[in-house]
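Report on the structure
So the chains spell out like this:
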Amino acid sequence: MNFTNLERQGGLSARTHGRWHRRAHPFREINQEIIRTLANGVLLLAMDATFIRKSGKATPGLGRFWNGTAGRAERGLEVSLVGVVEVEAGRAFALDARQNLPADNDGTAVEAALAHLKETSLEWPVGLTYGVFDGWYAKKTFVDGVLKTGLHMIGKLRKDADLRYLFVGPHENRRGRRRTSLGKVKLDTPEGFTHLGELAPGVEWLTAVVWHVTFKRNVGVVLIVDRTKAKPKRILLFCTDMTLDAALILEYYQARFHIEFLFRDAKQFAG
């Protein structure tokens, strides 16, 4: 879609389209009004990034970004999107999208994502409690930033995350710092977890409240173990709200995937 094609479809010249497209357009305010009008029920804030394959040398923002489809970093462009997910209806709304610039290091990328999130906070729907993010965002800087906005964070942890069991026994020695955690959590043998049964034949799930060493805080976790194959597959979800039910943690994180349909529609239908 370019200005020449638009000229063929209507009565305005390509030059007129070009002049009008130089003007700023309040996309975020329009999206905010769409969400306010159409979104109902339980709403979640969601954020993710998508890769756009692009070659050339002069394209602004061109760099190496992670391509989830290919499973590796590739040369192209990246777009960050903050959106809202409607849980019951199973759909997502875009709030604000922007192009990410190549980062010198991972820390810079996390700070840029957090800045994008904070800049949209005034346009969030009233009553938001939880934000859902994929595993890339599970970093202390980002978690702390999300909590400062007033949201609780739901996300995915690495399978080798440094987790410790909480110490709930009596403190025998009054001198020194009180003990807060016990041994390391081993996902192969999660002894301190509450077994919740099976999600499907051969797929069990468990939950616990543990100490996350990197985050330096207690988190509620949900462990899903798929034993339908020769090598068990484990997925570890977390929530900074330790009172949230495990079933809701799982439901809300699964609802996050609806933001992927916004990326699909933007690429396939809007070009």
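The preceding data block contains the structure.
Just so you know, the residues in each chain are numbered from 1, in the order the chain's sequence is written. Given that this is a predicted model, residues contribute local features only at a pLDDT of at least 70 and side-chain atom pairs are listed and counted only at 80 or more, while totals for whole chains, interfaces and linings are drawn from all residues. Side-chain measures were taken over the full set of non-hydrogen atoms in the model, leaving aside hydrogen atoms and water.

Put simply, DSSP marks the helices as runs of H or I at least four residues long and the strands as runs of E at least two long, and each gets a number from the N terminus on. Helix and strand counts for the chain come out as 7 helices and 12 strands. By principal-axis analysis of the C-alpha atoms, the chain measures approximately 80 × 40 × 40 Å. Here the chain holds 271 residues, and the buried ones make up 39% of them. Contacts in the chain between residues at least 24 apart in sequence constitute 54% of all its contacts with a sequence separation of at least 6. As presented, the chain carries roughly 16500 Å² of accessible surface, and 52% of it is formed by carbon and sulfur atoms. Asp and Glu count as negative and Lys and Arg as positive, but His and the ends of the chain are not part of the count. Taken as the charge centre is NZ of Lys, CZ of Arg, CG of Asp or CD of Glu, depending on the residue. Averaging the locations of the 40 positively and 29 negatively charged side chains of the chain gives two centres separated by 6 Å. Relative accessibility decides the category of a residue: with a 1.4 Å probe and only protein chains considered, values under 20% of the type maximum give buried, values over 50% give exposed, and everything between is partly exposed. Here a residue-residue contact requires only that any non-hydrogen atoms of the pair lie within 4.5 Å. All accessibility values rest on the Shrake-Rupley procedure with a 1.4 Å probe; residue burial counts only the protein chains present in the view.

Residues Y130 and V132 line one face of strand β5 (residues 130–133) and the alternating positions G131 and F133 line the opposite face, and both faces are buried. In this analysis, strands are considered paired if DSSP registers two or more bridges between them. Relative to β5, strand β1 (residues 43–53) is paired through 3 bridges, and the arrangement is parallel. Its bridge partner being in β5, A46 is matched across the sheet by V132. Two strands pair when backbone bridges link them, and β5 and strand β6 (residues 152–157) are joined in this way by 3 bridges, in the parallel orientation. Looking at the pairing, Y130 lines up with H152 of β6. Seen with its strands pointing away from the viewer, a crossover is right-handed when the path leading from the first strand over the helix to the second is clockwise. Note that the unit made of β5, helix α5 (residues 140–148) and β6 has a crossover that is right-handed.

Glycine aside, the phi torsion of most residues is negative, and most peptide linkages are trans. Of note in this structure, K216 is not a glycine but carries a positive phi near 60°. Structurally, K216 is set in the loop between β10 (203–212) and β11 (217–226). Here K216 falls in the exposed class, since its relative accessible area comes to 56%.

This part is about the packing of aromatic side chains. Between rings of Phe, Tyr and Trp, where Trp is taken as its six-membered ring, a pair exists when centres lie within 6.5 Å; planes separated by under 30 degrees are stacked, by over 60 edge-to-face, and by other angles tilted. Within this structure, the stated rule accounts for 8 aromatic pairs. When the ring of Y165 is compared with that of F193, the centres are 6.4 Å apart and the planes differ by 85°; the resulting orientation is edge-to-face. In this pair, Y165 is assigned in strand β7 (residues 163–166) and F193 in the loop between β8 (181–184) and β9 (194–200), connecting sequence segments 28 residues apart. Comparing Y165 with F193 shows no difference in burial state: the two are buried. With a centroid separation of 5.7 Å and 85° between ring planes, the pair formed by F257 and F261 is classed as edge-to-face.

This part covers the side chain of Q32. You can see Q32 is positioned in helix α3 (residues 27–38). Excluding anything up to four places from it in sequence, Q32 contacts L95, L122 and E123.

Here a patch means residues that are over 30% exposed by relative accessible area and free of salt bridges, tied together within 9 Å if like-charged and within 5 Å if nonpolar (Val, Leu, Ile, Met, Phe, Trp, Tyr). Just to be clear on terms, a salt bridge is a Lys or Arg side-chain nitrogen sitting within 4 Å of an Asp or Glu carboxyl oxygen. Where nonpolar side chains cluster on the molecular surface, the patch consists of I30, I34 and L38 and spans about 230 Å² of accessible area. If you trace the backbone, L38 turns up in helix α3. For L38, a relative accessible area of 43% corresponds to the partly exposed category.

Evaluated as defined, the whole model comprises 18 salt bridges. Taking the shortest distance from any N to any O, the salt bridge between R36 and E33 comes out at 2.2 Å. Separated by 3 residues within a single helix, R36 and E33 lie in helix α3, roughly one turn from each other. Given a relative accessible area of 52%, R36 falls into the exposed group. We classify E33 as partly exposed; its relative accessible area is 41%. For D160, the salt bridge goes to R158, with nearest N and O atoms at 2.9 Å. For the pair D160 and R158, one class covers both residues: exposed.

On to the environment of W66, then. As for its placement among the helices and strands, W66 is situated in strand β2 (residues 63–67). Given the relative accessible area of 54%, W66 is considered exposed. Between the C-alpha atoms of W66 and F93, which are 27 residues apart in sequence, the distance is 24 Å. When neighbours within four sequence positions are excluded, W66 is seen to be in contact with F51, G71, R72, A73 and E78.

Rolled over the atoms, a probe sized like a water molecule indicates the empty space that remains. Cavity means a closed set of points on a 1 Å grid over the protein atoms alone, one where a 1.4 Å probe fits but cannot get out, pocket means an open set with protein on both sides within 12 Å along at least 5 of 7 lines, and lining means a residue has an atom within 4 Å of a point. Grid points are joined across faces, edges and corners, and a volume is the space filled by probe spheres set on the points. Reported here for the largest pocket is a volume of approximately 1000 Å³. Lining the largest pocket are 38 residues, with A49, T50, F65, W66 and E78 sitting closest to its centre. Mapped by element, the contributors of at least two residues to the lining of the largest pocket are β1, β2, β3 (72–86), β4 (91–100), α4 (106–119) and α7 (259–268). Here the lining of the largest pocket gets 8 residues from one element, more than from any other, and that element is α4. Each residue receives one of three labels: charged for Asp, Glu, Lys and Arg, nonpolar for Ala, Val, Leu, Ile, Met, Phe, Trp, Tyr, Cys and Pro, and polar for the others, Gly being one of them. Split into classes, the residues belonging to the lining of the largest pocket amount to 16 nonpolar, 11 polar and 11 charged.

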